[in-house]
Amino acid sequence: MEIESVGYVVGESKPYRAEVIAYRPLMVGEYLYMEYYGYGVLSMVSNSAIGSPVITNDIYDPRDVERIVKSVRGGERMYYFKGVVNILGYLDNEGCKLKIPPIPPPPGTEVVKAPRAVLSKIFSPDKENYLRVGVLLREPSVEVRVDINKIVSRHLGILAMTGMGKSNLVALLAKRIVEKNGTVIIFDYHGEYTSMAIPSISVVKPKVNPRMLSLEEITRLLNIPRNASRQRAAIFECLEGMPENGDFFQILKKCLQMKIPKYGSSAQKVLDMITAYEKYLRRILDENVGDVVDRVAVGAINIVDLSELQVNQADAVVAHWLNRVLNSRKDYVLTNRKGLQVPVVIFVEEAHVFIPNDYETATKREAEAIAREGRKFGIGLAIVSQRPRGLDATVLSQLGNLAILRIVHPEDQNHIARYCEPVFQDIVDELPSLNIGEAILLGEWVKIPTVAKIDYVKEKTSGFDIDAVSIWRTNLGG
Ligand SMILES: Nc1ncnc2c1ncn2[C@@H]1O[C@H](COP(=O)(O)OP(=O)(O)OP(=O)(O)O)[C@@H](O)[C@H]1O
Ligand SMILES: [Mg+2]
């Protein structure tokens, strides 16, 4: 294969950065390759300039420029092409991460267009745990594959403005994971995944057994504020003394009635709440359903359909699932008997609602526990949000992998840069220039920060932008 010579290193270079004079204009984001002191090094153009030694900026009459342009004969060089490359590193023998060589490239080092073989080795490792998510944005002939094991062990954040392709990436990763017989759980707040046209989907109703709920989950379901300690105490006592059998709501109501002498209006308030919400709660709470983990279909995409729930209720359901999945995996890993037998990847959409920065939710506590401990028990938490500035800093700082699509809002950018370890300023500066479906992949699941064009999942038919004008037109016709 022909290797294109692009130019030479000039001036004073650093181990991580060099200046290049080129034969042609350099494209920002383009990959270049050079060899020096025995290292085969990949670099990326971070800055590109075109200048002219004759048309300089101390000319003050356009007619002078016109004269120069006319007088330059064909083939004669009127421009120079300069650029700065960031040195990304060389692949060591283990082939894990790219390492920056300790020596800078000496001036005069030839720079060539990165050969496909080098790019493939870095971006598309041929290993079982690497799965395709797209192609390099600037070199579409090179596949981008990510290490799925690292999602399980180091979690994932999918962050972008609305409509930029987060859910498409969720669908893609879920699809790829089940192709490897993996198990996925998606909390589907908008009901947009249930209709996905792939065979390995299992839609799970959000029903939970009330007897398995924690105090936190129950109070959240009943809209009892966190600081209402007497209400919480009353309900706590009733849950503690709950007999094995009998109708949960009847027993609870009777018990609260009996707590009125002790807790007065607080117990009455809870009782009123339950009476008011009972019909609605019975849609979610069902004593006949088993443990949620027993309803997880192994080797499938389990979609927990939250679309009919209010936020508080969805929060209680998600929290309950996270708690049960973590404990069940702990049981299995530690006792090797009962419990969920396989690692899982859990996607939480609208994570700024369930795992917010500035207030407490039932899910937040459970998500923090999984972010901290999940790795030991094979639970990967993938959080998805269009409002990163609203995300809990503790969970954000535990994310070892990120896919960031277009983000324009500076507060969102700052929040990510502050709490997400793999993010640095160069990357933040890139974010507004991305288009739909273009993502920067960072962290352990890639060998180096990668700008990818994510594959489009045609099986995901819901969640499109609504074409209002077309609907109005059709409606008028019909
Ligand atoms: N990788 C992609 N390639 C081509 N088109 C894409 C890609 N990803 C998303 N799109 C298009 O953009 C639309 C919005 O994508 P998606 O629903 O994934 O965005 P989102 O970030 O989840 O938005 P929201 O914040 O509203 O949930 C999709 O319907 C699809 O048409
Ligand atoms: Mg979405």
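Residues numbered from 1 in each chain as written. Chains lettered and ligands numbered in written order. Predicted model: local features only at pLDDT ≥ 70, side-chain atom pairs only at ≥ 80, totals over all residues. Heavy atoms only, no water.

Notes on the site of ligand 1
Turning to step 1, where the next piece is worked out: Around ligand 1, the structure places 17 residues, and the nearest of them are Thr162, Gly163, Lys166, Asn168 and Ile454.
Turning to step 2, where the next piece is worked out: A distance of 2.8 Å is found between an oxygen atom of ligand 1 and a side-chain nitrogen or oxygen belonging to Thr162.
Turning to step 3, where the next piece is worked out: Residue Met164 places a main-chain N or O atom 3.2 Å away from an oxygen atom belonging to ligand 1.
Turning to step 4, where the next piece is worked out: Protein chains bury 80% of the 630 Å² of accessible surface belonging to ligand 1 in isolation. (Near = heavy atom within 4 Å. Polar contact = N/O pair within 3.5 Å; in protein donor to acceptor, adjacent residues only side chain to side chain. Areas by Shrake-Rupley, 256 points an atom, 1.4 Å probe, with all protein chains shown as cover.)

Comments concerning the packing of aromatic side chains
Turning to step 1, where the next piece is worked out: If you walk through the whole model with that rule in mind, you get six aromatic pairs.
Turning to step 2, where the next piece is worked out: Centre to centre, the rings of Tyr79 and Phe81 are 6.5 Å apart; their planes meet at 50°, and the pair counts as tilted.
Turning to step 3, where the next piece is worked out: A residue is classified by how much of its surface remains accessible, and Tyr79, at 42% relative accessible area, is partly exposed.
Turning to step 4, where the next piece is worked out: One cation-aromatic arrangement involves Lys460 over Tyr193; the distance from NZ or CZ to the ring centre is 5.4 Å. (Phe/Tyr/Trp six-rings, centres within 6.5 Å; stacked < 30°, edge-to-face > 60°. Buried < 20%, exposed > 50% of the residue type's maximum accessible area, 1.4 Å probe, protein only. Lys NZ or Arg CZ within 6 Å of the ring centre and 35° of its normal.)

Points about the domain arrangement of the protein chain
Turning to step 1, where the next piece is worked out: Partitioning the protein chain into domains gives domain 1 (5-114), domain 2 (143-206 + 291-470) and domain 3 (211-285).
Turning to step 2, where the next piece is worked out: Put simply, the middle of domain 2 and the middle of domain 3, counted by C-alpha atoms, are 32 Å apart.
Turning to step 3, where the next piece is worked out: On the domain 3 side, the residues contacting the 18 residues of domain 2 number 12 residues.
Turning to step 4, where the next piece is worked out: On the domain 2 side of the interface with domain 3, the three residues burying the most area are Asn312, Gln313 and His320, jointly 36% of the side's total.
Turning to step 5, where the next piece is worked out: Linking domain 2 to domain 3 there are two salt bridges.
Turning to step 6, where the next piece is worked out: For the salt bridge of Arg220 with Asp315, the shortest nitrogen-to-oxygen distance reads 2.2 Å.
Turning to step 7, where the next piece is worked out: At the junction of domain 2 and domain 3, the tally comes to six residue pairs in polar contact (both at pLDDT 80 or more).
Turning to step 8, where the next piece is worked out: At the level of secondary structure, the elements contributing two or more residues to the side of domain 2 that touches domain 3 comprise α9 (311-335) and α11 (362-377).
Turning to step 9, where the next piece is worked out: In terms of residue count, α9 provides more of the side of domain 2 that touches domain 3 than any other element does, nine residues in total.
Turning to step 10, where the next piece is worked out: Its residues placed into classes, the side of domain 2 that touches domain 3 shows six nonpolar, six polar and six charged. (Domains from an automatic or database assignment. Contact = heavy atoms within 4.5 Å. Buried area = accessible area lost by both parts, 1.4 Å probe. Salt bridge = Lys/Arg side-chain N within 4 Å of Asp/Glu carboxyl O. Helix = DSSP H or I, 4+ residues; strand = E, 2+ residues; numbered from the N terminus. Nonpolar A, V, L, I, M, F, W, Y, C, P; charged D, E, K, R; others polar.)

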